[in-house]
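Chains, contacts and geometry: an overview
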Amino acid sequence: TWHKADTYFADASTVWSEAFAQLCEITPIPLGDGTITTEDLKNLDKSAGIDRDAVRKNISEDGKELVGKWGFKDSKPSIVMYEDGKYEGYGNDAYPSKDNAFIGKWEWDDKRKLIVFSNEKLFKDGKETEMNRPIMTMEVLNLGDGQLFMRDIETLGDFRYESKED
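Everything in this summary refers to the structure shown in the same document. (Residues numbered from 1 in each chain as written. Predicted model: local features only at pLDDT ≥ 70, side-chain atom pairs only at ≥ 80, totals over all residues. Heavy atoms only, no water.)

This next bit is on the nonpolar core. In this structure, Leu 66, Met 81, Ile 115, Phe 117 and Leu 148 are the most contacted members of the largest nonpolar core, which totals 18 residues. Those elements that place two or more of their residues in this core are strand S4 (79–81), strand S6 (101–109), strand S7 (114–124), strand S9 (135–144) and strand S10 (147–152). Here this core gets 4 residues from one element, more than from any other, and that element is S9. If near-sequence neighbours (up to four positions away) are discounted, Phe 117 is found in contact with Ile 79, Met 81, Tyr 87, Lys 105, Trp 106, Pro 134, Ile 135, Met 136 and Met 138. Of all hydrophobic cores here, the second largest spans 5 residues; its members include Val 80, Ala 94, Tyr 95 and Ala 101. (Core = buried A, V, L, I, M, F, W, Y, C linked by side-chain atoms within 4.5 Å. Buried < 20%, exposed > 50% of the residue type's maximum accessible area, 1.4 Å probe, protein only. Helix = DSSP H or I, 4+ residues; strand = E, 2+ residues; numbered from the N terminus. Contact = heavy atoms within 4.5 Å.)

Because side chains alternate across strand S3 (residues 68–71), one face comprises the buried residues Gly 68 and Trp 70, and the other comprises Lys 69 and Gly 71, equally buried. In this sheet, S4 lies alongside S3 in antiparallel orientation, the contact comprising 3 bridges. Paired with Trp 70 across the bridge in S4 is Ile 79. Across 2 bridges, S3 lies against strand S11 (residues 158–163) in antiparallel orientation. (Pairing = 2+ DSSP bridges.)

With an omega dihedral of 5 degrees, the bond running from Tyr 95 to Pro 96 counts as a cis peptide bond. Positionally, Pro 96 belongs in the loop between strand S5 (86–90) and S6. Positive phi, close to 55 degrees, is recorded for Asp 145, a residue that is not glycine. Within the fold, Asp 145 resides in the loop between S9 and S10. With relative accessibility at 81%, the residue Asp 145 sits in the exposed group.

Turning next to the environment of Asp 62. By the element assignment, Asp 62 lies in the loop between helix H3 (52–58) and S3. Along the chain, Asp 62 and Leu 31 lie 31 residues apart, while their C-alpha atoms are 32 Å from each other. At 2.7 Å, the side chain of Asp 62 and the side chain of Ser 60 are in polar contact. (Polar contact = N/O pair within 3.5 Å; in protein donor to acceptor, adjacent residues only side chain to side chain.)

We now examine the packing of aromatic side chains. In this structure the tally under the stated criterion is 5 aromatic pairs. Relative to Tyr 161, the ring of Phe 72 lies with its centre 5.0 Å away and its plane at 55 degrees, an arrangement referred to as tilted. Of the two residues, Phe 72 sits in the loop between S3 and S4 while Tyr 161 sits in strand S11, which places them 89 residues apart along the sequence. A residue is classified by how much of its surface remains accessible, and Phe 72, at 37% relative accessible area, is partly exposed. Members of the aromatic cluster, each reached through a chain of ring pairs, are Phe 72, Phe 159 and Tyr 161. (Phe/Tyr/Trp six-rings, centres within 6.5 Å; stacked < 30°, edge-to-face > 60°.)

Pasting the structure below:
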């Protein structure tokens, strides 16, 4: 019975989360013992550059807004996400050389607001090498005005990228 209900629970959770997010836009909701509200948490997030409302509003269900070249400020692209779901990740201004790159696929998980990178090949100094992290999952914390802010959910590393479109 539980297994049969899993899909319904997941769908209900998604609907509830979206409804709660929309309600929080209208009015602050007291949390816990009521000493803080959802607005207080949003203000704390904002001070760290996090805007979950922007993620919800600026990224469609298929994640097409994530397609493009993204990199650190004043640097070459670090990741390139293609419309067909392929991606390339580059180290230390290596773009466009694939001598030091991850090659794989990306997928947008709209329900959890995550990008899942599946690494298929890793090149180091021009040679294919053993894959140390076949899957990298990034929580998207903000997207807007040509900026993409992600956090690796395994290492908790932050990545603040800007659009590097030609």
